[in-house]
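Tertiary structure, described
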Amino acid sequence: MISGIIGRKVGMTQIFAEDGTVTPVTVIKAGPCVVVQTKSASGNDGYNAVQIGLVEENPIKLKNVSKPMLGHFEKTGGGIPPTRVLREIRLSGEPEAAIGEQIKVDVFADGDKIEVVGKSKGKGFAGTIKRHNFKRGPMSHGSMNIREPGSIGQSAYPSRVIKGTRSSGHMGDERVTVKGLTVARVDAENNLLMVRGAVPGANGSLVVVKKS
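On a predicted model such as this, the values are computed, not experimentally measured, just so you know.

In this section: unusual backbone geometry. Residue tyrosine 157 is joined to proline 158 through a cis peptide bond whose omega torsion reads 0°. For proline 158, the position within the fold is in the loop between helix 2 (128–132) and strand 9 (169–171). Of note, histidine 141 is a non-glycine position whose phi angle comes to about 55°, a positive value. For histidine 141, the location among the structural elements is in the loop between helix 2 and strand 9. One non-glycine residue, asparagine 191, lies in the positive phi region at around 55°. If you trace the backbone, asparagine 191 turns up in the loop between strand 10 (175–187) and strand 11 (192–196).

Printed below as a string of structure tokens:
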């Protein structure tokens, strides 16, 4: 059984229980998705997985699809229109889904433990204090090393900056996986998934939701 789906982060809201308790949740518009390709360990692929595409309300025009991608979708038999977003989900066993099968949000149930994969918010260029939680230098007695990283090189050996040294640079906009989240509510009619916990990315960004 496929235990994952592609969606877009909508934003945050609250859920009120019958006893009046309030639960903050993140709303994800998940699916519907369609199976585009299957891979099996017994075949040439060497592992079990399915490739799914996100079916959106405004589909991509054929003139904007590249020839390699058109050929990829023609291999499905021509019954699946090209999609903008394709993601691959690993499976523990041989894929039982057929090409063209639809995946909807009802594969999840209230209380399911999930993990969400997305791209974190981009925060532009940042210094070492903000990016890596470095400590600042002294602010008195003529110090000129208040928010600077300090010495990162060597004089004699090896006379260069070691690879991987933490420094200033582009912060965020990285692939992030958040585990241990819980499905608070499933709205199958509107393809909405309400998740208790932090979901990476800005509103409108793509995420992949998988069962833990």
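What follows picks up the thread again.
Attention now moves to the pairing of strand 11. Of all five residues in strand 11, four are buried, a share of seventy percent or more. In the sheet, strand 2 (residues 22–30) pairs with strand 11 via four bridges, with the strands oriented antiparallel. When the bridges of strand 11 are listed, threonine 26 appears paired with valine 195. With five bridges joining them, strand 10 and strand 11 adopt antiparallel strand pairing. Across the sheet, residue valine 183 finds its bridge partner in strand 11, namely valine 195.

A separate point is the sheet that holds strand 3 (residues 33–39). On the basis of which strands lie adjacent, the open sheet formed by four strands has the order 5-4-3-6 and antiparallel pairing. Strands with a single pairing partner mark the edges of an open sheet, and in this sheet they are strand 5 (86–90) and strand 6 (102–103). For strand 3 and strand 4 (residues 49–54), the ladder comprises six bridges, and the chain directions are antiparallel. Across the sheet, the residue bridging to valine 35 is isoleucine 52, located in strand 4.

Next up on the list: the packing of aromatic side chains. Taken as a whole and judged by the stated rule, the model has zero aromatic pairs. Directly above the aromatic system of tyrosine 47 lies the positively charged group of arginine 90, at a separation of 4.1 Å from the ring centroid.

Analysis parameters
- Residues numbered from 1 in each chain as written.
- Predicted model: local features only at pLDDT ≥ 70, side-chain atom pairs only at ≥ 80, totals over all residues.
- Heavy atoms only, no water.
- Helix = DSSP H or I, 4+ residues; strand = E, 2+ residues; numbered from the N terminus.
- Buried < 20%, exposed > 50% of the residue type's maximum accessible area, 1.4 Å probe, protein only.
- Pairing = 2+ DSSP bridges.
- Phe/Tyr/Trp six-rings, centres within 6.5 Å; stacked < 30°, edge-to-face > 60°.
- Lys NZ or Arg CZ within 6 Å of the ring centre and 35° of its normal.

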